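Each chain, written out:
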Amino acid sequence: MASVFSDDISIDLGTANTLVHVAGRGIVIDEPSVVAVRNFRGGREIMAVGRKAKSLVGRAPESMEILRPLRDGVIADFIATEEMLRQFIKRTKSMLGFRRPRILICVPAGATPVERRAVYDTAVQLNACKVYLIAEPVAASLGAGLPIDEPGGAMVLDIGGGTADIAVLASGVIVEARTLRCAGNAMDEAIIRYVRRKHQLLIGEANAERIKIEAGTALASGNGRAAEVHIRGRDLRTGWAKSAVLTPKDIAEALSEPVDDIADFTQRALEELPPDTLSDIMRRGIHLTGGGALLDKLDVALTRRVGVKFHVQRNPMHCVVKGSAAVLEGLSEHSHLLMRP
Ligand code: ADP
Ligand code: MG
């Protein structure tokens, strides 16, 4: 009977954003992976998760701490991650009056067994009828609509906040899956370092991310959408407020280190491929998903460095959750793509 009443929930538990998809409904939650906690008497209490928690960044009282529980690795803070997942699942269940859903959760390809187990156990405790795990870039390949069942093979590079993930699928099986802990956050940090070095100016992470999204580019040449950007921060020598201007060339220079790291990582993954798969990928190109794929001219910069054509998928930030929904829908044919908890 359980299966008669069960419904399907797919969750992209990202380092920057968590998305929840419900079968027949589409994406019902798309919020930052952020948790606000209040420390008191040696313990801590969760005050808010998601968008509400993120809105407290820079505004929270001193007793409150704003955490990105998955930020610096896969799971940096197990308890906060569990709490966040619990809240998102609860919200989804109450929204739709579920009985016992089947839940599929995406984790980075390189998540450790301990990390996978923590995610799995949390979902099980929430009265799920069944819990499955899948590697993010594998889900992204399906979500991007790539021909993963063909012998030719398809390669996805998913660039999120904390990790960049690669998967290569051919004839419906996973040929390669790996994770690099350098992605969008590393780009923000590179901008902070550049501004400090070139302008002796201290800016915060939120500011650096805004600069990247509004004016970032991976290549300064040509007629991209990038324009100059005015930044404000604290002068490192005087301690006073100061402003400066960054050109697209400056930002491309600032971002060259993380872009190089991602290019090297891709190169290493290519080196591991069987020769025929490699030649197929060289011909078909590499598909970019995740929020990082939205960086202006990243595809061009990576194409130049790696020597294989990169293609940005449509709605790159939705590929993972859409792909996991597709896996759950056709579970019998896709079960070999799942990860062991
Ligand atoms: P995750 O899967 O790790 O949660 P996402 O796929 O949601 O990550 O992508 C989040 C990352 O994408 C963040 O680092 C964010 O700054 C970056 N990002 C979002 N939009 C853009 C953009 N237009 N240009 C560059 N980076 C972007
Ligand atoms: Mg992701």
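These figures come from a predicted structure and were not determined experimentally. (Residues numbered from 1 in each chain as written. Chains lettered and ligands numbered in written order. Predicted model: local features only at pLDDT ≥ 70, side-chain atom pairs only at ≥ 80, totals over all residues. Heavy atoms only, no water.)

**Q** How would you summarise the pairing of strand β4 (residues 35–40) if you had to cite specific residues and measurements?
**A** In the sheet, β4 pairs with strand β5 (residues 43–49) via six bridges, with the strands oriented antiparallel. Each residue of the ladder has a partner; that of Val 37, found in β5, is Ile 46. What sits between β4 and β5 in their antiparallel hairpin is a turn of two residues, with Arg 41 showing a positive phi close to 40 degrees. Strand direction decides the pairing type here: β4 and strand β6 (residues 64–67), joined by four bridges, are antiparallel. Bridging across to β6, Ala 36 finds its partner in Ile 66. (Pairing = 2+ DSSP bridges. Helix = DSSP H or I, 4+ residues; strand = E, 2+ residues; numbered from the N terminus.)

**Q** Now, about helix α10 (residues 298–306): what can you tell me, with residues and values included?
**A** Considered for burial, the residues of α10 that qualify are Leu 298, Ala 301, Leu 302 and Val 306. The arc enclosing the buried residues of α10, seen along the axis, measures out at 115 degrees, which places them on a common side. Against the buried residues of α10 lie β9 (154–159), α8 (248–271), β15 (286–289) and β16 (310–312). (Buried < 20%, exposed > 50% of the residue type's maximum accessible area, 1.4 Å probe, protein only. Arc of directions from axis to C-beta. Contact = heavy atoms within 4.5 Å.)

**Q** How would you sum up the pattern of salt bridges? Please name residues and give values.
**A** Scanning all chains against the criterion turns up 19 salt bridges. Two residues, Asp 77 and Arg 44, come together in a salt bridge whose shortest N-O distance is 3.1 Å. Residue Asp 77 is located in the loop between β6 and α3 (78–96), and its partner Arg 44 is located in strand β5; the two are separated by 33 residues in the primary sequence. According to the relative accessible area criterion, Asp 77 is buried, its value standing at 17%. A relative accessible area of 34% means that Arg 44 is categorised as partly exposed. With its nearest N and O atoms 2.7 Å apart, the salt bridge here joins Glu 176 to Arg 178. (Salt bridge = Lys/Arg side-chain N within 4 Å of Asp/Glu carboxyl O.)

**Q** Residue-level account of the domain arrangement of the protein, with values.
**A** Domain annotation for the protein reports domain 1 (8–33 + 68–138 + 319–339), domain 2 (144–182 + 260–317) and domain 3 (184–254). If you look at the interface, domain 2 gives 14 residues, while domain 3 gives 14 residues. Where domain 2 abuts domain 3, roughly 1100 Å² becomes buried across the two surfaces, and 60% of that area is made up of carbon and sulfur atoms. Interface area lost by domain 2 to domain 3 is led by Leu 295, Asp 296 and Lys 297, which between them contribute 50%. Inspection of the region where domain 2 meets domain 3 yields zero salt bridges. Linking domain 2 with domain 3 are five residue pairs in polar contact (both at pLDDT 80 or more), by the criterion used here. Tallying contributions element by element places α10 first for the side of domain 2 that touches domain 3, with four residues. Grouping the constituent residues of the side of domain 2 that touches domain 3 by class yields eight nonpolar, three polar and three charged. (Domains from an automatic or database assignment. Buried area = accessible area lost by both parts, 1.4 Å probe. Polar contact = N/O pair within 3.5 Å; in protein donor to acceptor, adjacent residues only side chain to side chain. Nonpolar A, V, L, I, M, F, W, Y, C, P; charged D, E, K, R; others polar.)

**Q** Any chance you could break down the sheet that holds strand β13 (residues 229–235) for me, citing the residues and the numbers?
**A** Strand order in this open sheet of three strands is β12-β13-β14, and the pairing throughout is antiparallel. Both outer strands of the open sheet, β12 (201–202) and β14 (241–246), are each paired with one neighbouring strand and no more. As judged from the two bridges shared by β12 and β13, these two strands associate in the antiparallel manner. The partner of Leu 202 across the bridge, within β13, is Arg 234.

**Q** Just give me the short version of the side chain of Asp 77, but keep the residues and values in it.
**A** At a separation of 3.1 Å, a polar atom in the side chain of Asp 77 contacts the side chain of Arg 44. Not counting residues up to four positions away in its chain, the partners in contact with Asp 77 are Arg 44, Leu 67 and Pro 69.

**Q** So what's going on with helix α7 (residues 205–215)? Residues and values would help.
**A** Buried residues of α7: Asn 207, Ala 208, Ile 211, Lys 212 and Ala 215, and no others. Seen along its axis, α7 keeps its buried residues to an arc of 140 degrees; they face one direction. Of the exposed residues in α7, the ones pointing more than 90 degrees away from its buried face are Ala 206, Ile 213 and Glu 214. Along its buried surface, α7 packs onto α6 (184–199), β13, β14 and α8.

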